[in-house]
Amino acid sequence: MTMIPSLLFSETSLNEAITGAYYGALTDSFFLKMMMGWVVQLFFWAVAVAAVIQAGLAYVEGRRPDLGEILYTGGMRSLPMLAVYLLYAIATGIGFTLLLVPGIFLAVIWSMAMVAMVAEEPGVFGAFKRSAALTNGARWKILGILLLTVAIALIVNLLGGFVVLTAGLRPETQPAALPAQIVMSLLNTIVLTWTTTMFTALFVELREWKDGPDTDRLGDIFA
């Protein structure tokens, strides 16, 4: 879901950026396209993440996720997910800018906020509160998982970006960058799906640890 918009946007932006840099002219329309493309990608990212979370929750509940349910949840939760993500990014960004430790602390205690938004719909600020409650007592382990996911995503993006820029370094060689962009978009999609699924499973484990197993699920199992 995020791959096609990302691919189309990156292809257009890369071509224009390389051409403009090569000839010494980047137009205002380029920066406008960059901003519009970022907004579109962010929206599809929120839909995709919410959809993957819903699929993971359905699997944990012991049922096969329905495509309509997944897409509906992704669409309906996209805007609250964006609000949670932007607040999370701003708060942790400020924490990392001022001092490293506050940024890490906020990243860990609020790491379950987006999953909580889809799973329980507690509201934007309620999702942060729920995440803080669930992560209490397990934050060192969550920190290790966060560092692992950040490292993997960073490696994928650095390697992919290097290959794409190298392949399309000059305007006359830009067509060679398209296969590299497809591969990079595919890898980013795989990393996004893996990361989201892992944090969804972690959310369920933390919830069962704090609140006990879901009685409705137990009833279905022993019915």
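Residues numbered from 1 in each chain as written. Predicted model: local features only at pLDDT ≥ 70, side-chain atom pairs only at ≥ 80, totals over all residues. Heavy atoms only, no water.

Draft legend 1. Layout of the overall build of the protein chain. Broken down by element type, the protein chain carries nine helices and zero strands. Along the protein chain, from the amino end to the carboxyl end, the secondary structure elements read α-α-α-α-α-α-α-α-α. The burial tally for the protein chain puts 38% of its 223 residues in the buried class. Within the protein chain, contacts between residues separated by at least 24 positions form 71% of all contacts whose residues are at least 6 apart in sequence. Counting every atom, the protein chain has about 12,900 Å² of accessible surface; 74% of that belongs to carbon and sulfur. (Helix = DSSP H or I, 4+ residues; strand = E, 2+ residues; numbered from the N terminus. Buried < 20%, exposed > 50% of the residue type's maximum accessible area, 1.4 Å probe, protein only. Contact = heavy atoms within 4.5 Å. Areas by Shrake-Rupley, 256 points an atom, 1.4 Å probe, with all protein chains shown as cover.)

Draft legend 2. Structural detail: the pattern of salt bridges. Throughout the structure, instances matching the rule amount to five salt bridges. Across the pair Arg63 and Glu69 runs a salt bridge whose closest N-O atoms are separated by 2.9 Å. Judged by its relative accessible area of 35%, Arg63 falls in the partly exposed class. By relative accessible area, which is 21% here, Glu69 ends up partly exposed. The shortest N-O distance in the salt bridge between Arg207 and Glu120 comes to 3.3 Å. Separated by 87 residues along the polypeptide, Arg207 in helix α8 (residues 177-211) and Glu120 in helix α5 (residues 113-120) bring together distant segments of the chain. Residue classification places Arg207 among the partly exposed residues on the basis of a relative accessible area of 23%. Glu120 sits in the partly exposed class, given a relative accessible area of 30%. Each of Glu120, Arg130, Arg207 and Asp211 takes part in a single network of salt bridges with overlapping partners. (Salt bridge = Lys/Arg side-chain N within 4 Å of Asp/Glu carboxyl O.)

Take it as geometry only, folks, not as evidence of what the structure does.
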